[in-house]
Amino acid sequence: MLLQLKDISKTYKSGSANADRVVLRDLSLELDRGETMAILGPSGSGKSTLLNIIGTLDVADSGELIFDGNPLRDFSEKALSASRNREIGFIFQAHHLLPQCTVLENVLIPTLPLQDTAFKKECQARATTLLKEVGLWEQRNQLPATLSGGECQRTAVIRALINKPKLLLSDEPTGSLDSLNAQGVIDLMLQLNREYGTALIMVTHAEHIARQMDKTYSLSDGRLHQISSTDR
Amino acid sequence: MNLFRLLLRSVRYHRHSHFALMAGIAISSMVITGALIIGDSVKASLESLVKQRLGNTAYSFEGNDRLFRASLGDSLEKRLKIHYTPVMLLNGFASSQGGNIKVNGVQITGIDGRFDNFLNSGASGSPPTDNTAIISSNLAARLQIVVGDEILLRLEKAGPIPKNAPFVSDQDNVVSLRVAVSHIAADYELFEHFNLKNTQLPPYNIFVNLSYLNGEMELQNRANRLLVAEKGRRSPAEVERELANSWDTDDLGLQITPSHDSLWWEVRSDRVFLDSITVLAAKSIYPEVTEILTYMANSIKFHGNETPYSFVTAGSFDDDLTENEILINRWLADDLNAQPGDTLDLFYYSIGPLRELSEQQRSFVIKDIVDFIGDFNNPDLMPSLPGLSDAGSCREWEAGVPVDLGKIRDKDEAYWKTYRGTPKAFINYETGKSLWQNRYGNATILRIPADRLSINELKSELQKKLPPESQGIRLVPVRDGGLAAARSGVDFSQLFLGLSFFLIIAAIILTALLYTLHLEKRKSEVGTLKALGFSQSNILKMALAEGMIIGILGVLTGAILAIYYNKLVFYALNTMWFDIVRTPALHEKINPGTMVLGMSISLMLSLIILWYNTSKFLRKNSISLQKGIQQVRSQSKKRIYPIAAVAFIAIATGSFVYSWGANDLNPGLFFATAILLMAGILTLFTGWLRQIPASKNYILSMAGLVAKSTRRNPARSTRIVLLFAVGSFIVIAIGLNKKDLGEELNSPMSGTGGADFYMETSVPVLHDLNNPDVQVQRAFDIPMDFLQFRALDGDDASCLNLNRVVAPGILGVPSETMKGRFTFITSTEELDLADPWGSLGKILPGNVIPAVMDQTVIQWGLGRKIGDTLVYRDESGAELRLKLIGGLANSVFQGKVLIDQHFLQKHFPTSGGSNVFLVNSHDPSAEISKEELLRIFRTEGPELTLAADRLALFNQVENTYLSIFMILGGLALILGTIGLGISLARTILDRRKEIAILRATGFEKKHIISMFITEHMALLAMGTLTGTLAAFIAIWPSLHKGIIQASLPTALTIIGLILLNGIVWTTFITRMSLGKSVISELREE
């Protein structure tokens, strides 16, 4: 088991108790290594919040998050950052590439906080491989401003995978792309999932994309409801 | 919806960023308008001070303190209907409480009822009577007296005879007056401010009755100035002509009497010796005028016989008398037992400038022995010498030279009783002239045949030939001169604009930064408008219209703030910056025209900033604007930066090399070097920022990421660097310029000349104080060494005076004793750098006299430069040209122009003695030495200060100016810090997504804080480094020339403080801005 969520709750306080919004209500979830999962749900249902809690960017009000067998509750800020850096990759609807950095530099940004020089070199080699694999090697020295949306998002995918994370969290990764580019990015993510065994949780509105995942859940009223389990 | 409505909605919607923009514009408007108001206020104050100190005086008829009839101007009133008043204006000192309180440098003015016509409107007063005085309130406060109290005044005795003329007694040189204070002047009265000198410094005034003063001086109906009231319709030339018409031989101090045999008109002078101008005038009336020169011989010796103290006359008594022959009278022949053909020895004193005596000897062959007949029995050949002519016996003589009473025999007394000063010997005039002519003249009597013209004709001719201007007496337009000096004086508008220059630049950069941030915020709005078909010019016009509204609000706010800024500056000028104005008389004046001017300049500057930045912004294509992505600059544009940088640095180098080699000091070059260097470095930096390193082997590091972030917005980064460069430059440059007095003050090369004390006396000292006999005579308990100078009265051109002085006071220096003292920092080729003081003794082509002065005074006080010529009138009214051949480093002589004392004596022979001294005491205790000096010079009114203190006073003024500069530079740094803060906060806001993604990819918060701090500290450091480098390089030539002694610890402290300030604020703002969660940023908006 890679990830286990037990009775996770999250409420956004607004100042008056009546206006408080419960986003997640005693939510539980399990994900195995290499498994892929889609989470569907209407806007404001709490999909992104759930993803941020899983990614340790946000903290649940209650419940427990166990990652790779370790309860993260006792982790320090530093340990959480290290965990995010080495174990988890993020992809968002917007690529969030640093405009001042080239494609290659953007891909290597997650390696900057690393102290392990050998691993850094390994990441650099992987960056080369991945960029070649996705056809961005020629553009490696270009700034994001000169790339297409699809190229930017593919770069963001590679950036998310550069540290060989065990879990890839993806929040509407194709929301700003046309269907052709969107499928290309999904194919890439699944391909890397297969090649590297990286588990994947993807928040999406698109059912056809959700169907490509091992499991599909719907999030409503703060709880997850399994829709299907696909044997890919 | 129309464009106007859109405009108003935009102004309202973006009110927060508009407010920041308006604040930036308001600051520059406040500084610009405020500086102009300050200038107006100071100028108006100085002008009003002219009216306060002169009352209704428009002209002063004066020159060299020469005395003339007090009634000389009667015809002005009778014929021209112009008011005038005679005054006797003298310097002295006052004491009260039995001499316990003494005040030196007091202006004592003898006035009569006519002075009432010159009082300021609304004021009235009655002139003081005998033994009473009106005094100014500042003096009353110093003397701690009230009306009815008595004070003692001591002043130099005024009179026609030059103080150091041969055989003039040095006794009774000082007059003491005991007067009761009848009135203490109020602030609105002329008595409080009366001063003919162009200065804002309040004088210590005492007014006494003119005829009483005349009486105490043993004079009658004399004045040394005539004050003439408003000219009305009369031109100055008319006034001058009228006075010249009234001018007569009495005013010239000439007496014309018939000779003992009535064959001649004999012309004598009150001044004992007849100067060459008078002789020439007489010769132009009658070419064969006969000159007679009578002198006193110490002794006449022949074969062991000696006759002491005899008068000898040189004249044309025997046409065949050769230069080596002498006629002696029977009495002398008998006394010496000499016969015709014998050779006798004549001993006499040659008298130097400070009464230094050297006995000379000349041998003559007796041609004949003459009897007591005709001119050989004429006691009137002896000049009228007070203390001699009126002496009852030889033992009562006060001859101005040592008289050995032991040598005087009974027969000498008998001769004096019988023949008085009848000469005992006679020589050829030319021989006598070669022996005894001096700077006061070369004759004691001029003879013109009585049958050629009547006495009245002779008087009339002499009056015509010797008009007032021939005596150096002129009608000086003191009011116009005063107003001109006030108007062209220290221009506080320019000064504060100059001092605020970098603050204004900082405000402009901040405004530009704020505006750019504002535009960036509205990037997509502009992009949308462009995409919707709005033309670039339409958008520009809309932006400018919006900017105009903000600009007008900004400058209006700035104008209101300027009034308070002016009040604040005036408060500072009256308190902590009092050193630079030294008058409480400054008042605020707000001129609407100036306000409009200040606001217009500020608005124009604001619109230029808005126009430039909007145009630049709009040049980006609409897609990039709408998408908010960066455009890639073309390679050709990027190449401009290194080329421009090299050009800037090359010109800066040229400017540096020129100022290094220049003999002159040029602040323009200083600023040019600094500004060009900063421009060069910043251009290079901007070029680097805009460069995109894309080498294949480039590996991103944390530092690399910081560097790339710095490049993310090159314009913003450059402005931050520029703000700090400008602020740092000014603060560091000023910090290095501040003058501190150190131990080097003991060095003769320092501004003290190595002297312990600087002393001025109200009454001149007539002797050489280094002469051991004089020290014994004056009862010196502690041996002391003196450098003696003679200062002529003149306007003070030092930094203590805010008025622009045209002809500063002249100081005659003993060049030969000045070697190795003081430091010259600028020079012309006429100045021999190996012996600069020696150069003062060498007359320049065109009869120009070499002069030196403190360089700061040449440059700032006079607004001149080295090599310029100052024009004066000498005592005879002739033009005197002084060429400034050297500039001194700051010295105790600030405000005076220094020439060799021989030239001073030649052109101003009447001025005798010394009144400025540099003193070195052999006693190490300054307190004991000071007491000793005050005791020794108690009758001369010494104004004594430690030389170091005097120098410190001048430095204090300069340092105060520099402090203002530094404070304003500090404000520029504050603006820099504000700019840094705003930019940082804005950058963090802009980059929240970036921060979020970094957090998502595992960056710790401390990493991100550290990145932002490093990024902004790098900009801060770059700015500080650029400013520091520019300051050091620009100041290097001055350091090299020894003009300033930069203090490295001071500079390092300032740099440290700038960096610390930056670190504190950067850390604070980064922590504040990054305190909130940024996770929401990761969601697409």
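Residues numbered from 1 in each chain as written. Chains lettered and ligands numbered in written order. Predicted model: local features only at pLDDT ≥ 70, side-chain atom pairs only at ≥ 80, totals over all residues. Heavy atoms only, no water.

**Student:** Lay out the overall build of chain A with the relevant residues and their values.
**Tutor:** On a plain count of helices and strands, chain A comes out with seven helices and 10 strands. Computed over its C-alpha atoms, the radius of gyration of chain A comes to 18 Å, within 12% of the 17 Å expected for a compact globule of 232 residues. Dimensions of chain A, computed from C-alpha atoms along their principal axes, come out at roughly 55 × 40 × 40 Å. Residues classed as buried in chain A amount to 56% of the 232 residues present. Intrachain contacts of chain A at a sequence separation of at least 6 include 71% that bridge at least 24 residues. With 25 positive and 28 negative side-chain charges, chain A shows a separation of 4 Å between the mean positions of the two kinds. (Helix = DSSP H or I, 4+ residues; strand = E, 2+ residues; numbered from the N terminus. Rg over C-alpha atoms; globule rule 2.2 N^0.38 Å. Buried < 20%, exposed > 50% of the residue type's maximum accessible area, 1.4 Å probe, protein only. Contact = heavy atoms within 4.5 Å. Lys, Arg positive; Asp, Glu negative; His and termini not counted. Charge placed at Lys NZ, Arg CZ, Asp CG, Glu CD.)

**Student:** Could you give me a rundown of the side chain of Thr1066 of chain B, with the residues and numbers involved?
**Tutor:** Residue and element names in this part refer to chain B. Within the secondary structure layout, Thr1066 lies in helix α34 (residues 1048-1073). Judged by its relative accessible area of 0%, Thr1066 falls in the buried class. Of note is the side chain of Thr1066, whose polar atom sits 2.5 Å from the backbone oxygen of Gly1062. Setting aside residues no more than four positions away along its own chain, Thr1066 makes contact with Leu980, Leu984, Phe1012, Ile1013, His1016 and Met1017. (Polar contact = N/O pair within 3.5 Å; in protein donor to acceptor, adjacent residues only side chain to side chain.)

**Student:** Run through the confidence of the model for chain B, naming residues and quoting values.
**Tutor:** Residues and elements named next belong to chain B. Scored by pLDDT, chain B has a mean of 85; 93% of the residues are at 70 or more. Low pLDDT (under 50) marks residues 625-632, which in the prediction has 24 contacts with non-local residues, meaning those over four places away or in another chain. Scoring of the predicted complex yields 0.70 for pTM and 0.71 for ipTM. (pLDDT = per-residue confidence, 0-100.)

**Student:** An account of empty space enclosed by the protein is needed here, citing residue identities and associated values.
**Tutor:** Residue and element names in this part refer to chain B. Evaluated as defined, the whole model comprises seven cavities of 30 Å³ or more. Around the largest cavity, the lining comprises 21 residues; the ones closest to its centre are Arg522, Ile539, Met542, Ala543 and Glu546. Element by element, the count of residues in the lining of the largest cavity is highest for helix α18 (residues 536-574), at six residues. Residues of the lining of the largest cavity, tallied by class, amount to 13 nonpolar, five polar and three charged. In this structure, the second largest cavity occupies an estimated 120 Å³ of space. Lining the second largest cavity are 14 residues, and of these Tyr309, Trp397, Tyr415, Trp416 and Lys424 sit closest to its centre. Contributions of two or more residues to the lining of the second largest cavity are made by β14 (305-315) and α11 (410-419). Per-element tally for the lining of the second largest cavity: the top contributor is β14, with four residues. The class makeup of the residues in the lining of the second largest cavity is eight nonpolar, three polar and three charged. (1 Å grid on protein atoms, 1.4 Å probe; cavity = no way out; pocket = protein on both sides within 12 Å on 5 of 7 lines; lining within 4 Å. Points joined across faces, edges and corners; volume = space filled by probe spheres on them. Nonpolar A, V, L, I, M, F, W, Y, C, P; charged D, E, K, R; others polar.)

**Student:** Requested: an account of the environment of Leu973 of chain B, with residues and values cited.
**Tutor:** Residues and elements named next belong to chain B. Looking at the secondary structure, you find Leu973 in helix α31 (residues 947-990). Along the primary structure Leu973 and Ala725 are separated by 248 residues, whereas in three dimensions their C-alpha atoms are 8.9 Å apart. For Leu973, the contacting residues outside a window of four places in its chain are Phe724, Gly727, Ser728, Val731 and Ile1058.

**Student:** Describe the sheet that holds strand β5 (residues 70-71) of chain A, listing the residues and the values that go with them.
**Tutor:** Residues and elements named next belong to chain A. Here four strands make up an open sheet; going across it, the order is β2-β1-β4-β5 and the pairing antiparallel. Looking along the sheet, the strands with just one partner apiece sit at the ends: β2 (21-31) and β5. Judged from the five bridges that link them, strand β1 (residues 3-12) and strand β4 (residues 62-67) form a sheet pairing that is antiparallel. Looking at β4, one finds that Gln4 is bridged to Ile66. Lying on the sheet, helix α1 (residues 47-54) is in contact with β1, β2 and β4; it crosses β1 at an angle near 125°. (Pairing = 2+ DSSP bridges. Axes fitted to C-alpha atoms, helices over the stretch in contact; angles between N-to-C directions.)

**Student:** Residues and numbers for a negative patch on the surface, please.
**Tutor:** Together, Asp172, Asp390, Glu396 and Glu398 of chain B give the surface a local cluster of negative charge. Turning to its location among the elements, Glu398 of chain B is positioned in the loop between β17 (357-370) and α11. (Patch = residues over 30% accessible without salt bridge, like charges linked within 9 Å, V, L, I, M, F, W, Y side chains within 5 Å. Areas by Shrake-Rupley, 256 points an atom, 1.4 Å probe, with all protein chains shown as cover. Salt bridge = Lys/Arg side-chain N within 4 Å of Asp/Glu carboxyl O.)

**Student:** So, a positive patch on the surface: which residues are in play, and what are the values?
**Tutor:** Residue and element names in this part refer to chain B. On the surface, Arg5, Arg9, Arg12 and Arg15 cluster together into a patch of positive charge. Take the positive patch: its biggest share by element is three residues, from helix α1 (residues 3-13). Note on placement: Arg12 falls in helix α1. The exposure class of Arg12 is exposed, given its relative accessible area of 64%.

**Student:** Mind laying out unusual backbone geometry, listing which residues take part and the relevant values?
**Tutor:** The phi dihedral of Lys164 of chain A falls on the positive side, at around 55°, and the residue is not glycine. With respect to the helices and strands, the residue Lys164 of chain A is situated in the loop between α5 (149-161) and β7 (167-171). Given a relative accessible area of 45%, Lys164 of chain A falls into the partly exposed group. Although it is not a glycine, Asn337 of chain B adopts a positive phi angle of roughly 55°. Taking the relative accessible area as the measure of exposure, Asn337 of chain B reaches 55% and is therefore exposed.

**Student:** Go over the nonpolar core, please, and point to the residues and values.
**Tutor:** Within the largest apolar cluster, 175 residues are counted, with the highest numbers of intra-cluster contacts made by Leu167 and Ile201 of chain A together with Phe115, Phe492, Phe496 and Phe729 of chain B. A per-element tally of this core places helix α16 (residues 501-521) of chain B first, with 14 residues. Filtering out sequence-adjacent residues up to four positions away, Phe496 of chain B remains in contact with Ala35, Ile38, Tyr565, Val569, Trp577, Ile964 and Leu968 of chain B. Ala58, Ala223, Leu385 and Leu475 of chain B belong to the second-largest nonpolar core, a separate cluster that totals 112 residues. (Core = buried A, V, L, I, M, F, W, Y, C linked by side-chain atoms within 4.5 Å.)

**Student:** Please provide a residue-by-residue account of helix α30 (residues 926-936) of chain B, values included.
**Tutor:** Residue and element names in this part refer to chain B. Within the span of α30, buried status applies to Ser929, Glu932, Leu933 and Ile936. Down the axis of α30, the buried side of the element spans an arc of 95°, and every buried residue falls inside it. Looking at the buried positions of α30, the neighbouring elements they touch are β21 (757-765), β22 (784-791), β29 (914-921) and β30 (942-946). (Arc of directions from axis to C-beta.)

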